[in-house]
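Structural overview for review
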Amino acid sequence: MKRTRIAHALTLPAPQSDLLLKGWVRTVRNGKNVSFINLNDGSNMGGIQIVVPSDMDGIEEVRKLTTGSAVEIVGELVESQGKGQSVEVQATKVTTVGRAAEEYPLQKKGASFEFLRTIAHLRNRSNTFGATFRVRSTLAQATHAFFANRGFVYLHTPIVTGSDTEGAGEMFRVTTLDMDNPPRTDKGEIDWDKDFFGKPAYLTVSGQLNAEAFAMGMSDVYTFGPTFRAENSNTSRHASEFWMIEPEMAFCDLSENCDLAEDFVKHLLRTVLDDCTSDLEFFNQRIDKGLLERLQHVVDSGFERMTYAEAVKRLIDSGQKFEYPVEFGVNLQAEHERYLTETLVGRPTFVTDYPKSIKAFYMRRNDDGQTVGAVDLLVPGVGELIGGSAREERLDVLEDAIRELGLEPEDYGWYLDTRRYGTAPHAGFGLGFERMVMYATGMQNIRDVIPFPRTPRNCEF
Ligand code: 4AD
Ligand code: MG
């Protein structure tokens, strides 16, 4: 007999005999004539109800079952007598595969998310986290489907790198040197020449520069991988390790870049609305009332587009008091971004053309001399979901931008080659995957949408 996943069993017409189910016990209730087991194998939200008659062989074992135990059930799928489910399984055989010790920590309903973070290795067995990680998986697969449909090449950019894409210096170093006794140069500095790669190496903050090189030859590419930031931000929206989706398109301008971002976000939300119905209903009921309505509204309506200058003006004109005052030239803070997209606009908002002084060196200079072709997508509840730009494709302008930052164009040799040999206008963006999962589920903390979160002073599991 072959194992049937519970989600699939629930689609079969009842009656259906000789079903073999395997999973973990969520609850057991022992009555006089029957025992009820709620069995869950991670394939759906509610699991399935197993009815065990008290005259079944081995009923003693069932009566001793503990929450969390792994079991095998053989039985018949029948229409349910009780409320709350349309079908259930009449068990003919129950076998304990792995008994859970009595102190199994996921006993009671309603454990706090903070507590569940301390058992991140077990929390996928709870309703909320099972739903979160199913939605996360669907979003990842929908990402690949979206780009595949549009003829993009899926590119694997390196995890270990020598370049700081964002120029923000927030990188984790990768080294095999003995840090208790590192080799020194004559000047007494650490001699990185003796390190594994013969030069300083880091975990990547973004695959963009490599993706740009591939876009200048393969036209439309994307990368989807882990990225790392050693920024000491202890917020509910920052993780030290997070996943990013970065498309990069040749012969593409800022407005076409926004078009793609809008289509992509809508495609992701449409897919979870269609394919994760019961999980989203759960989030809508338990986590974020109004989630379904909001997601549907996002799918159905156009995103707002405005320049940074307009955004600043609207924030000032609103008269709203912020902790950090807004004025042209400042970096928008999370409080400004949230107020703009949630209160002033009420839907996803692209903010474009930021002052060059607050954006990365690779962004394309606008003709006004002040701003660059940058874009951030701000969404209600989450804030910044996407950051991107048109890229500076003019060699001399790019070299000047690098020098203005006090950096050496020579250090960007291979990157500048892409501007030397057949340069072309191009653009791209990065979508923070965990923030997308938060947006799609209404979950409030980034630590609860990634299986094993890494944040400052936290690297458990
Ligand atoms: O705005 P960012 O820093 O842009 C880049 O890295 C560009 N190189 C992307 C590109 O144009 N190819 O990051 C992009 C997105 C942000 O909008 C945000 O959603 C997410 O990545 N992000 C984070 N998510 C979780 N934790 C962090 N510490 C994040 N930092 C950025
Ligand atoms: Mg950004």
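Right above here is the structure, for reference.
Figured I'd write up the structure that's included with this text. The structure presented is a predicted model; accordingly, all values stated were derived computationally and were not measured.

**Description of unusual backbone geometry**
Residue Pro15 follows Ala14 across a cis peptide bond; omega there is 0°. Structurally, Pro15 can be placed in the loop between helix 1 (6–9) and strand 1 (16–30). One non-glycine residue, Ser219, lies in positive phi territory at about 70°. Take Ser219: it is sitting in the loop between helix 5 (208–218) and strand 10 (220–228).

**Comments concerning the site of ligand 1**
Glu166, Gln208, Arg229, Glu246 and Glu384 are the nearest of the 24 residues found near ligand 1. Ala239 places a polar main-chain atom, nitrogen or oxygen, 3.0 Å from a nitrogen atom of ligand 1. In the environment of ligand 1, an oxygen atom lies 3.3 Å from a nitrogen or oxygen atom belonging to the backbone of Gly387. Elements supplying a minimum of two residues to the shell around ligand 1: strand 11 (241–250), strand 15 (383–390) and strand 16 (426–432). Top element by residues in the shell around ligand 1 is strand 15. It accounts for 5 residues. Among the residues forming the shell around ligand 1, the class breakdown is 8 nonpolar, 8 polar and 8 charged.

**Considerations on the packing of helix 4 (residues 127–149) against helix 7 (residues 277–286)**
Following both chains from N to C, one finds helix 4 and helix 7 inclined at 130°, their axes separated by 10 Å at the closest point. In terms of their interaxial angle, helix 4 and helix 7 are classed as oblique. Crossing hand, helix 4 versus helix 7: left-handed. Counted together, Asn127, Thr128, Ala131, Thr132, Arg134 and Val135 of helix 4 and Asp279, Leu280, Phe282 and Phe283 of helix 7 form the full contact between these two elements. Here the residues of the contact of helix 4 with helix 7 are counted per class, giving 5 nonpolar, 3 polar and 2 charged.

**Side note on the packing of aromatic side chains**
Per the stated rule, a full pass over the model turns up 22 aromatic pairs. For the ring pair Trp414 and Tyr415, a centre distance of 6.0 Å and an interplane angle of 75° mean the geometry is edge-to-face. On the basis of relative accessibility, which here comes to 1%, the residue Tyr415 falls in the buried class. A cation sits over an aromatic face here: Arg173 above Trp192, 3.6 Å from the ring centre. When the ring centre of Tyr415 is taken as origin, the NZ or CZ atom of Arg419, which lies over that ring, is 4.4 Å away.

The rules behind the values
- Residues numbered from 1 in each chain as written.
- Chains lettered and ligands numbered in written order.
- Predicted model: local features only at pLDDT ≥ 70, side-chain atom pairs only at ≥ 80, totals over all residues.
- Heavy atoms only, no water.
- Helix = DSSP H or I, 4+ residues; strand = E, 2+ residues; numbered from the N terminus.
- Near = heavy atom within 4 Å.
- Polar contact = N/O pair within 3.5 Å; in protein donor to acceptor, adjacent residues only side chain to side chain.
- Nonpolar A, V, L, I, M, F, W, Y, C, P; charged D, E, K, R; others polar.
- Axes fitted to C-alpha atoms, helices over the stretch in contact; angles between N-to-C directions.
- Parallel < 35°, antiparallel > 145°, perpendicular 65-115°, else oblique.
- Left-handed = near helix turned anticlockwise from the far one by under 90°.
- Contact = heavy atoms within 4.5 Å.
- Phe/Tyr/Trp six-rings, centres within 6.5 Å; stacked < 30°, edge-to-face > 60°.
- Buried < 20%, exposed > 50% of the residue type's maximum accessible area, 1.4 Å probe, protein only.
- Lys NZ or Arg CZ within 6 Å of the ring centre and 35° of its normal.

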